[in-house]
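Survey of secondary and tertiary structure
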Amino acid sequence: MFYYVLKYVLLGPVLRLLFRPRTEGLEHVPESGAAIIAGNHLSFSDHFLMPVVLKRRITFLAKQEYFTGPGIKGRLTAAFFRSAGQIPVDRSGKDAGQAAIREGLGVLAKDELLGIYPEGTRSHDGRLYKGKVGVAVMALKAGVPVIPCAMVGTFEIQPPGQVLPKIKRVRIRFGEPLDFSRFAGMEDQKAVLRAVTDEIMYSILALSGQEYVDEYAATVKAAQAGGQRRSFPRLRH
């Protein structure tokens with residue numbers, strides 16, 4: 001219930017007024033039934049701007065840190081995400097990926113929309129990074145379409161580390177649904193999962209026009225934090 005209060009009364013009208021999001025391809029999002037919306041992740045604002053333009057409710061798998069922050073700010077953030085129906089996922093430990101998949105499949109089993117950022121974390125430099133295969137596992141196990149989505153301009157309004165976003169118009173693009181039914185029953189094959197994930201990421205790339213880096217974002221962040229100089233393969237779209 002609070003989700004719709006936020007969307008239509010408290011937060012949604014304000015976001016529409018300030019950022020005037022332009023949308024393309026909304027007709028590709030199914031009006032009913034389970035589906036995965038897989039997008040790039042450039043900004044904290046992505047969590048709010050995408051749901052605002054969708055007619056249907058969407059549930060994101062949110063990192064657990066949003067629910068466990070200290071102090072008043074942490075409690076308010078946790079209350080907000082819980083009220084909005086977002087699901088906390090522990091990304092640490094060897095079982096983290098399986099826990100996220102279980103939670104995601106639970107959402108899809110209810111014929112709802114599931115929002116996923118295949119990169120696993122926000123891009124720290126505006127580029128698009130290699131996707132993790134969890135999105136492929138869920139798509140194949142649940143037998144649902146994947147709708148690629150590109151947030152364009154959200155990195156410029158609120159890059160990582162910036163608390164308050166700049167007031168600037170953004171664009172949200174949805175691509176045609178990707179059907180992976182040809183791979184049904186093959187979710188335990190690593191090569192298939194990689195191929196499906198790469199197809200999803202290429203579709204996001206085609207919509208976003210970002211520069212692509214064939215490495216995981218978390219790996220690049222860790223290398224930069226450790227002062228390592230590495231050369232990563234890139235693909236300009």
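Use the structure listed above.
What you see is a predicted model, and the numbers here were worked out from it, not measured in a lab. Residue numbers here run from 1 along each chain, matching the order of that chain's written sequence. Two thresholds apply to this predicted model, a pLDDT of at least 70 for residue-level local features and 80 or more for giving and counting side-chain atom pairs, whereas whole-chain, interface and lining totals are computed over all residues. With hydrogens and water excluded, all non-hydrogen atoms of the structure serve as input to the side-chain values.

Describing the packing of aromatic side chains
- Within 6.5 Å between ring centres, the rings of Phe, Tyr and Trp (the latter by its six-membered ring) count as paired, and their orientation is classed by plane angle as stacked under 30 degrees, edge-to-face over 60, tilted in between. Taken as a whole and judged by the stated rule, the model has three aromatic pairs.
- Residues Phe44 and Phe48 carry aromatic rings whose centres are separated by 5.3 Å and whose planes lie at 65° to one another, so their mutual orientation is edge-to-face.
- With a 1.4 Å probe rolled over the protein chains alone, any residue whose accessible area is under 20% of its type maximum counts as buried; one over 50% counts as exposed, and the rest are partly exposed. Of the residues examined, Phe44 reaches a relative accessible area of 23% and is grouped as partly exposed.
- A residue is classified by how much of its surface remains accessible, and Phe48, at 18% relative accessible area, is buried.
- Ring geometry for Phe60 versus Tyr117: centroids 5.4 Å apart, planes at 15°, classification stacked. Note that Phe60 is positioned in strand 3 (residues 58–63) and Tyr117 in the loop between strand 5 (113–116) and strand 6 (128–129), a separation of 57 residues in sequence.
- Classification of Phe60 by relative accessible area gives buried; the value is 2%.
- Look at Tyr117 and you get buried, because its relative accessible area is 12%. Comment: elements are numbered from the N terminus, with helices defined as DSSP H or I runs of at least four residues and strands as E runs of at least two.

Remarks on a nonpolar patch on the surface
- By definition, no residue in a patch forms a salt bridge, and every one has over 30% relative accessible area; like charges are joined within 9 Å, nonpolar side chains (Val, Leu, Ile, Met, Phe, Trp, Tyr) within 5 Å. Here the accessible surface of atoms and residues is derived via Shrake-Rupley with a 1.4 Å probe, and residues count as covered only by protein chains that are part of the display. Take a side-chain nitrogen of Lys or Arg and a carboxyl oxygen of Asp or Glu: if they are within 4 Å of each other, that pair is a salt bridge. Nonpolar side chains collect at one region of the surface, where Phe2, Tyr4, Tyr8, Val9 and Leu10 lie side by side and expose about 500 Å² of accessible area between them.
- Mapped onto the elements, Tyr4 comes out in helix 1 (residues 2–10).

Here's the deal with the packing of helix 6 (residues 134–142) against helix 8 (residues 190–208)
- For the pair helix 6 and helix 8, the least separation of the axes is 8 Å and the interaxial angle reads 105°. If you check the angle between helix 6 and helix 8, you find them roughly perpendicular. For the pair formed by helix 6 and helix 8, the contact residues are Val135, Ala136, Val137 and Leu140 on the first element and Val192, Leu193, Val196, Thr197 and Ile200 on the second.
- Following the grouping adopted for this structure description, the nonpolar residues are Ala, Val, Leu, Ile, Met, Phe, Trp, Tyr, Cys and Pro, the charged ones are Asp, Glu, Lys and Arg, and the polar ones are all others, Gly among them. Grouping the constituent residues of the contact of helix 6 with helix 8 by class yields eight nonpolar, one polar and no charged. Axis definition: a line fitted to C-alpha atoms, over the contacting stretch in the case of helices. Angles run 0 to 180 degrees between N-to-C directions. Any angle between 65 and 115 degrees counts as roughly perpendicular, while under 35 counts as roughly parallel, over 145 as roughly antiparallel, and the rest as oblique. Residue contacts are counted whenever heavy atoms from the two residues lie within 4.5 Å of one another.

With respect to the nonpolar core
- In this structure, Ile36, Val146, Phe180 and Ile200 are the most contacted members of the largest nonpolar core, which totals 29 residues.
- Once residues lying within four places of it in the same chain are set aside, the contact partners of Val146 are Ile36, Ala38, Ala139, Glu176, Pro177, Leu178, Phe180 and Ile200.
- Remark: nonpolar core denotes a set of buried residues (Ala, Val, Leu, Ile, Met, Phe, Trp, Tyr, Cys) joined through side-chain atoms within 4.5 Å. One finds Ile37, Phe48, Leu49 and Tyr117 within the second-largest nonpolar core, a separate group that totals 23 residues.

Things to note about the side chain of Gln158
- Looking at the secondary structure, you find Gln158 in the loop between helix 7 (154–157) and strand 8 (171–174).
- Counted as a polar contact is a pair of N or O atoms within 3.5 Å, where, for protein atoms, one must be capable of donating a hydrogen and the other of accepting one, and residues adjacent in sequence contribute only when both atoms are in side chains. Within the structure, the side chain of Gln158 is placed 2.4 Å from the side chain of Ser45, a separation counted as a polar contact.
- Each residue touching Gln158, except ones within four places of it in the same chain, is listed here: Leu42, Ser43, Phe44, Ser45, Val163, Leu164 and Pro165.

Quick look at the pairing of strand 2 (residues 35–39)
- Strand 2 sits mainly inside the fold: five of its five residues count as buried.
- Every second residue of strand 2 is oriented toward a common face, with Ala35, Ile37 and Gly39 on one face and Ile36 and Ala38 on the other, all of them buried.
- Strand pairing follows a simple DSSP-based rule, namely that at least 2 bridges must link the two strands. Bridge count for strand 2 against strand 7 (residues 146–152) is four bridges, and the pairing is parallel. What sits directly across from Ile37, in strand 7, is Ile147.

Some points on the sheet that holds strand 4 (residues 87–89)
- Within the open sheet, the seven strands sit side by side as 1-8-7-2-5-3-4. Their pairing is mixed. The sheet is open, and its two borders are formed by strand 1 (22–24) and strand 4, each paired with just one other strand. Taken pair by pair, the neighbouring strands of this sheet meet at an average axis angle of 25°, ignoring direction.
- In this sheet, strand 4 lies alongside strand 3 in parallel orientation, the contact comprising three bridges. Directly across from Leu61, in strand 4, lies its bridge partner Ile87.

A few points about the environment of Ala109
- Mapped onto the elements, Ala109 comes out in helix 5 (residues 96–109).
- For Ala109, a relative accessible area of 65% puts it in the exposed group.
- Here the alpha-carbon distance between Ala109 and Ala142, two residues 33 residues apart in the chain, equals 7.5 Å.

Section: unusual backbone geometry
- Positive phi values are uncommon outside glycine, yet Arg20 reaches one of about 40°.
- Residues other than glycine seldom take positive phi values, yet Asp111 does so here, at roughly 60°.
- According to the relative accessible area criterion, Asp111 is partly exposed, its value standing at 49%.

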